[in-house]
Amino acid sequence: MNEQHIRWDDLQIVLAIAEAGSLSGASRTLRISHATVFRRLSEMEHRLGVTLFERGRTGYTPTLAGDDLAASAKRVQGEINGAERRIIGQDLTLTGSLRITTTDTLFTGLLSPLLASFRQTYPAITLEVVISNQLQSLSRREADIAIRPTRQPPETLVGRKISDITQAIYGQKALWQNAPLPLDPTSLPTENWIGPDVHLGDATLEKWMMDKRAAYRVDSMLGMQSAVRHGAGIAVLPCYLGDADAALLRLSEPIEALTTQLWQLTHPDLRHVARIRAFMEAMTEGVRGR
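Residues numbered from 1 in each chain as written. Predicted model: local features only at pLDDT ≥ 70, side-chain atom pairs only at ≥ 80, totals over all residues. Heavy atoms only, no water.

1. Some points on the overall build of the chain
Check the secondary structure of the chain and you find 10 helices and 12 strands. With the C-alpha coordinates aligned to their principal axes, the bounding extent of the chain is approximately 80 × 50 × 30 Å. Across the 290 residues in the chain, those meeting the buried criterion constitute 43%. Intrachain contacts of the chain at a sequence separation of at least 6 include 71% that bridge at least 24 residues. With the model as given, the accessible surface of the chain reaches about 15500 Å², and the carbon-plus-sulfur share is 50%. (Helix = DSSP H or I, 4+ residues; strand = E, 2+ residues; numbered from the N terminus. Buried < 20%, exposed > 50% of the residue type's maximum accessible area, 1.4 Å probe, protein only. Contact = heavy atoms within 4.5 Å. Areas by Shrake-Rupley, 256 points an atom, 1.4 Å probe, with all protein chains shown as cover.)

2. Here's the deal with the UniProt feature "domain: HTH lysR-type" (unreviewed entry) in the chain
In the UniProt entry, the feature "domain: HTH lysR-type" (unreviewed entry) is given for residues 6-63. What you have in residues 6-63 is 62% helix and 14% strand, and the ends, taken at the C-alpha atoms, are 17 Å apart. (UniProt positions renumbered as here; feature names shortened; annotations may be inferred.)

3. Regarding the packing of aromatic side chains
All chains considered together, the criterion is met by 4 aromatic pairs. Between Phe118 and Tyr122, the ring centres sit 4.8 Å apart and the planes meet at 40 degrees, which makes this aromatic pair tilted. Phe118 gets classed as buried once you look at its relative accessible area, which sits at 2%. Both rings, one in Trp193 and one in Trp208, keep their centres 5.8 Å apart while their planes meet at 75 degrees; by these two values the pair is edge-to-face. Taken together, the positions of Trp193 in strand S8 (residues 193-196) and Trp208 in helix H7 (residues 203-208) put the pair 15 residues apart, joining distant regions of the chain. A single burial state applies to Trp193 and to Trp208, both of which are buried. Of note, Lys212 hangs over the ring of Trp208, and the distance from its end group to the ring centre comes to 3.8 Å. (Phe/Tyr/Trp six-rings, centres within 6.5 Å; stacked < 30°, edge-to-face > 60°. Lys NZ or Arg CZ within 6 Å of the ring centre and 35° of its normal.)

4. Remarks on the sheet that holds strand S11 (residues 248-250)
With antiparallel pairing, the 3 strands of this open sheet are ordered in space as S10-S7-S11. Bordering the open sheet on either side are strand S10 (235-238) and S11, each of which pairs with just one other strand. Across the sheet, the mean angle from the axis of one strand to that of its neighbour is 50 degrees, orientation sign disregarded. Pairing of strand S7 (residues 167-172) with S11 involves 3 bridges; the strand directions are antiparallel. (Pairing = 2+ DSSP bridges. Axes fitted to C-alpha atoms, helices over the stretch in contact; angles between N-to-C directions.)

5. Some remarks on the pattern of salt bridges
When the charged atoms of two side chains lie near each other, side chains of opposite charge can form a pair. Per the stated rule, a full pass over the model turns up 10 salt bridges. When the shortest N-O distance is used, the salt bridge between Arg47 and Asp10 registers 2.5 Å. Of this pair, Arg47 sits in helix H3 (residues 34-48) while Asp10 is found in helix H1 (residues 8-20), placing the two residues 37 residues apart along the sequence. Of the charged contacts in the structure, one is a salt bridge between Glu45 and Arg55, with a shortest N-O distance of 2.9 Å. Residue Glu45 is found in helix H3, and its partner Arg55 is found in strand S1 (residues 53-56); the two are separated by 10 residues along the sequence. For Glu45, a relative accessible area of 11% gives the class buried. The partly exposed category is assigned to Arg55, whose relative accessible area is 38%. A single salt-bridge network, built from bridges that share partners, covers Arg7, Asp10 and Arg47. (Salt bridge = Lys/Arg side-chain N within 4 Å of Asp/Glu carboxyl O.)

Next up, the structure:
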């Protein structure tokens, strides 16, 4: 194997296939076509004179050579990402781009107007928002800032707690406006519940719901809110979302066991970047102001 023939582009291909286990997964990661991934892998194996992956029904499995290259690629990627963060960390101007990751619920119910206001104040800063319930890697620069509910932020990141997020039970106002409130806690197990699907990833809410009858489950808070609005049942929702919806009525006091924290997080190398500091300060003031 002639190492002079191995380029960074080659290593990216090998790492993406090794992590995804398929050409299609690698093509999504690298944002290139399936055919391009196949062609570049074939050219690389021919040029190096080795087989990097065993092809099987379950996908692509790295050979010893493939494992070796994938491990090298991961180390190189870490070095490149670290260098990029350190260079960006020296940026003291209020220009450039910011990639933000948050959940659909937070974006719709809380952050969207704050982001619009930030754009008006700092027009030279471009915002890229990744709306996903999946965690994006700040170390790999999949995002610069994460705004997420968490009870235990990762120790590898730095940031600040913006506020507490309280949650309560909500129902359709038209159905519940004449009912005695708050709901009697002893009646909760027999109510008609809209619950979180396991893919929502809220283990604390799932545990709280264990003794409740939920024949209707949704994998997003916005979906649960919509189901409540249409009278399909009652559900636990964040108070910033439920209280702002004129079609809903709060049926309980905030549930202390479900209170969580809203955090803004970034990588330590980026904490002194001017646009990141400006953004985090604006979001903190905006959320606390609401």
